[in-house]
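Okay, here's what each chain looks like letter by letter:
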Amino acid sequence: MIKIVEITSPGCTHCAAAKKLLEEKIRPQFPDIAIEYISVTTPEGQALVGQYGIMSSPGVIINCELFSMGGLDEKKLIDKIKSLK
């Protein structure tokens, strides 16, 4: 199973755009993917920021590997998901 984790920040417009992309485009195309949203303000979020060296929001982790920071490219994301299937 593919797992995507988005590390979000309160009030972050890039985070909201990434969540919309994940929910409206990725989830319908790949319904078997697990998607989780974790706020940077939580202890778990802080641990992930430190572990992956995330410098800007959102941080997107796919299968325990940092995929992107600060924005989410739809084509690159879809290519990555397809390569993992």
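Residues numbered from 1 in each chain as written. Predicted model: local features only at pLDDT ≥ 70, side-chain atom pairs only at ≥ 80, totals over all residues. Heavy atoms only, no water.

Undergrad: How should the pattern of salt bridges be read in this particular structure?
TA: Pairs can form between side chains of opposite charge once their charged atoms are near each other. All chains considered together, the criterion is met by six salt bridges. Measuring nitrogen to oxygen at the nearest pair gives 3.0 Å for the salt bridge that ties glutamate 36 to lysine 3. Of this pair, glutamate 36 sits in strand E2 (residues 34–39) while lysine 3 sits in strand E1 (residues 3–8), placing them 33 residues apart in sequence. We note a salt bridge from aspartate 32 to lysine 85, for which the minimum N-O separation is 2.9 Å. In this pair, aspartate 32 is assigned in the loop between helix H1 (13–29) and E2 and lysine 85 in the segment after helix H3 (74–84), connecting sequence segments 53 residues apart. Lysine 85 gets classed as exposed once you look at its relative accessible area, which sits at 53%. (Salt bridge = Lys/Arg side-chain N within 4 Å of Asp/Glu carboxyl O. Helix = DSSP H or I, 4+ residues; strand = E, 2+ residues; numbered from the N terminus. Buried < 20%, exposed > 50% of the residue type's maximum accessible area, 1.4 Å probe, protein only.)

Undergrad: Would you mind showing me how to read the sheet that holds strand E3 (residues 59–62) here?
TA: Working definition: the strands of a sheet are paired by backbone hydrogen bonds and lie parallel or antiparallel to each other. Judged by pairing direction, the sheet is mixed, and its four strands sit side by side in the order E2-E1-E3-E4 without closing on themselves. Looking at which strands have only one partner, the edges of the open sheet turn out to be E2 and strand E4 (65–69). Across the sheet, the mean angle separating the axes of adjacent strands is 20° when strand polarity is ignored. Strand direction decides the pairing type here: E3 and E4, joined by four bridges, are antiparallel. In the sheet register, isoleucine 62 faces E4, and the bridge partner there is glutamate 65. Taken strand by strand, H1 contacts E1 and E2, and its axis lies near 160° from that of E1. Across the face of the sheet, helix H2 (residues 43–52) comes into contact with E1, E2, E3 and E4 while running at roughly 100° to E2. (Pairing = 2+ DSSP bridges. Axes fitted to C-alpha atoms, helices over the stretch in contact; angles between N-to-C directions. Contact = heavy atoms within 4.5 Å.)

Undergrad: Mind showing me how you'd approach the side chain of glutamate 6 here?
TA: Examined against the element boundaries, glutamate 6 turns out to sit in strand E1. An unpaired buried charge is present at glutamate 6: no salt bridge exists, and lysine 19, the closest side chain of opposite charge, is 7.2 Å distant. If near-sequence neighbours (up to four positions away) are discounted, glutamate 6 is found in contact with Cys15, Ala18, Lys19, Leu22, Glu36, Tyr37, Ile38, Pro58 and Gly59. (Lys, Arg positive; Asp, Glu negative; His and termini not counted.)

Undergrad: How should the nonpolar core be read in this particular structure?
TA: Nonpolar side chains in soluble globular proteins generally cluster together in the buried interior. In terms of nonpolar packing, the biggest core is built from 15 residues, with Ile4, Leu22, Ile26, Ile33, Leu72, Leu77 and Ile81 touching the most fellow members. In terms of residue count, the dominant contributor to this core is H1 (four residues). If sequence neighbours within four positions are ignored, leucine 22 has contacts with Ile4, Glu6, Arg27, Ile35, Tyr37, Leu72 and Leu77. Residues Val5, Ile7, Tyr52 and Ile61 belong to the second largest nonpolar core, which totals nine residues. (Core = buried A, V, L, I, M, F, W, Y, C linked by side-chain atoms within 4.5 Å.)

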